[in-house]
Amino acid sequence: MSRYARKVGIDYTPQEVADLLQKRQIQVVDVRQRYEHEAGRIAGDQLIELEQLGAAAQTLDPAKPIVFYCRSGSRSAWAAEGFRGAGFDAHNMVGGLLEWQAAGLPLEPADGYVADA
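The structure presented is a predicted model; accordingly, all values stated were derived computationally and were not measured. (Residues numbered from 1 in each chain as written. Predicted model: local features only at pLDDT ≥ 70, side-chain atom pairs only at ≥ 80, totals over all residues. Heavy atoms only, no water.)

Caption draft 1: Summary view of the pairing of strand β3 (residues 66-69). Where burial is concerned, the two faces of β3 agree: the one with I66 and F68 and the one with V67 and Y69 are both buried. Where strand β1 (residues 27-30) lies against β3, 4 bridges are found, and the strand directions are parallel. Bridge pairing in β3 links V29 to F68. By the bridge criterion, 3 bridges tie β3 to strand β4 (residues 90-92) in an arrangement that is parallel. Pairing of I66 across the sheet is with A90, part of β4. Considered for its hand, the β-α-β crossover made up of β3, helix α4 (residues 74-85) and β4 is right-handed. (Buried < 20%, exposed > 50% of the residue type's maximum accessible area, 1.4 Å probe, protein only. Helix = DSSP H or I, 4+ residues; strand = E, 2+ residues; numbered from the N terminus. Pairing = 2+ DSSP bridges. Right-handed = clockwise from strand over helix to strand, strands pointing away.)

Caption draft 2: Structural context of the packing of aromatic side chains. Inspection of the entire model under this criterion finds 2 aromatic pairs. Summarising the aromatic geometry, the rings of F83 and F88 are spaced 4.9 Å apart at their centres and angled 55 degrees between planes, so their arrangement reads as tilted. Across this residue pair, the class does not change: F83 and F88 are buried. (Phe/Tyr/Trp six-rings, centres within 6.5 Å; stacked < 30°, edge-to-face > 60°.)

Caption draft 3: Representation of the pattern of salt bridges in the model. The tally for this structure, following the rule as stated, stands at 4 salt bridges. For R75, the salt bridge goes to E36, with nearest N and O atoms at 3.0 Å. Of this pair, R75 sits in helix α4 while E36 sits in helix α2 (residues 34-39), and the two are 39 residues apart along the sequence. Residue classification places R75 among the buried positions, given a relative accessible area of 18%. A residue is classified by how much of its surface remains accessible, and E36, at 0% relative accessible area, is buried. A salt bridge links R71 to D116, with the nearest nitrogen and oxygen atoms 3.3 Å apart. (Salt bridge = Lys/Arg side-chain N within 4 Å of Asp/Glu carboxyl O.)

Caption draft 4: Quick peek at the environment of F88. Here F88 lies in the loop between α4 and β4. Residues F88 and L20 lie 68 residues apart in sequence; the distance between their C-alpha atoms is 17 Å. Dropping the residues within four chain positions of it, F88 is found in contact with A57, P62, I66 and F83. (Contact = heavy atoms within 4.5 Å.)

Caption draft 5: Molecular detail of the sheet that holds β4. Pairing in this open sheet of 4 strands is parallel, and the strands run β2-β1-β3-β4 from one edge to the other. Two strands in the sheet have a free side with no partner beyond their single neighbour: β2 (46-47) and β4. Pairing of β1 with β2 involves 2 bridges; the strand directions are parallel. In the sheet register, D30 faces β2, and the bridge partner there is L47. Here α4 sits on the sheet in contact with β3 and β4, set at roughly 165 degrees to β4. (Axes fitted to C-alpha atoms, helices over the stretch in contact; angles between N-to-C directions.)

Okay, here's the thing in C-alpha cells:
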C-alpha cells in the first residue's frame, strides 16, 4: 500500500495525486465545466461537473479513494467535503490544476492549458 493511502480527509498535493494515479490507487474526478475540461485535464480522470455530482455518485467506486480537482481547489474542496460526509474516502487536490501545471505535471491534450473559470 502506498505511503499516501488512507489519508482520510486530507488534501493531496499534485505530485501525490500523480503518483497514486500512476499506481491506479485512486479515482480522479474533475468537477469543472466541460469547456474547462476540454481545454486541459489530468489524463485518466473522469469529468463530473459540480452541479451533477450528487446524481453521478453511483458511478464512483465507494471502495476506492476519490480525489476531486478543479482549477484552483475551491470547488473540489466542496465536493470532497460533501462526499466525505456521505461516507466516501474523498480528498481534494490542493491548488487544483493551476498547481498541477506549476509542478510541471502533464496535461492532456499535449497542448492543454488551464482555462479560466
